[in-house]
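Structural characterization, general
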Amino acid sequence: MAASGQRQVIAVSDPAALAETAADRMLARIAANSGRVAICLTGGSSPKQLYALLATDPYRDRIPWPRVHWFIGDERFVAADDPLNNMGMARRTFLDAYAPAANVHPIPTNAIDPDEAAQRYQGELKSFYGAEVLDPIRPLFDLVLMGVGPDGHTASLFPGYPAIEETGRWVVGVPEAHVAPFVPRVTLTLPTLGSCREMLFEVAGADKRAILTRVLDGENLPANRAHSTGETVWLVDQAALSENFRGQ
Ligand code: 6PG
């Protein structure tokens with residue numbers, strides 16, 4: 001399928017193919033960096049199949065676990081063991097079994113409030129990166145995974161909310177969500193998420209068709225404002241694509 005602007009759209013048959021393609025892209029990004037690798041995961045239901053795949057033989061053994069660090073692009077402000085916790089889902093699905101504990105970097109939801117959690121995570125990201133300012137030629141992350149919500153949000157950057165315009169802070173608190181689950185959030189901001197070699201969206205299923213159509217039409221939505229300083233890739237399955245975009 002044709003690229004739209006700087007974005008490349010890759011259509012695959014179904015969610016299983018989508019998870020495999022995402023896993024292969026992740027392994028390629030890891031292989032391309034012989035040093036310390038940083039991957040920013042995402043929450044929601046879309047990446048679950050990918051995370052489960054990473055725990056299986058062909059993938060697990062090809063991940064150099066000691067040198068890969070795992071972050072999260074946004075978090076629901078709930079306890080670490082709450083089923084809604086995004087990093088909790090990733091931990092249960094694959095990280096806790098294989099990643100060294102020191103390489104897993106959750107957003108601290110034991111903070112007093114989302115703003116304090118954001119400040120603490122910003123500090124952790126800056127110390128990992130080793131500088132106060134992001135340099136476009138030295139991205140923070142090798143790979144950033146993303147999803148899109150029904151209102152066009154991505155991470156916890158909701159349409160019309162001030163967080164979407166933030167350019168100074170790396171991480172911000174979001175007191176109220178725009179869609180379910182209605183719990184406060186903590187989210188990396190656009191410049192932080194964009195500081196990566198590759199940003200990879202995963203979009204699957206007929207219930208994503210309406211929002212994907214709006215995204216591909218170029219509407220001003222948070223998900224359309226999220227771009228990598230490197231490659232931006234939208235991996236979509238056939239069920240999510242409307243007639244207009246099939247076979248392009
Ligand atoms: C969250 C997410 C959010 C998610 C989209 C898509 O905490 O909810 O990080 O941005 O990626 O809402 O969610 P689904 O994959 O569940 O559709």
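Below, the structure is looked at part by part. (Residues numbered from 1 in each chain as written. Predicted model: local features only at pLDDT ≥ 70, side-chain atom pairs only at ≥ 80, totals over all residues. Heavy atoms only, no water.)

What to know about the pattern of salt bridges
- One pass over the full model with this rule turns up 13 salt bridges.
- As a salt-bridge pair, Arg91 and Asp96 come within 2.9 Å of each other at their nearest N and O atoms.
- Its relative accessible area of 27% is what places Arg91 among the partly exposed residues.
- Several salt bridges converge on common partners, so that one network encompasses Arg25, Arg29, Glu198 and Glu231. (Salt bridge = Lys/Arg side-chain N within 4 Å of Asp/Glu carboxyl O. Buried < 20%, exposed > 50% of the residue type's maximum accessible area, 1.4 Å probe, protein only.)

Here's the deal with the nonpolar core
- Counting 86 residues, the largest nonpolar core has Leu41, Trp70, Phe94, Phe141 and Trp234 as the members making the most contacts within it.
- Examining the composition of this core, we find that eight residues originate from one element, helix H1 (residues 15-31), more than from any other.
- Setting aside residues no more than four positions away along its own chain, Phe94 makes contact with Leu41, Tyr51, Leu54, Ala55, Trp65 and Trp70. (Core = buried A, V, L, I, M, F, W, Y, C linked by side-chain atoms within 4.5 Å. Helix = DSSP H or I, 4+ residues; strand = E, 2+ residues; numbered from the N terminus. Contact = heavy atoms within 4.5 Å.)

Focus: helix H7 (residues 209-216)
- Taken together, the buried positions of H7 are Ile211, Leu212, Thr213, Val215 and Leu216.
- Lining the buried residues of H7 we find strand S1 (7-12), strand S8 (196-203), helix H8 (222-225) and strand S9 (231-237).

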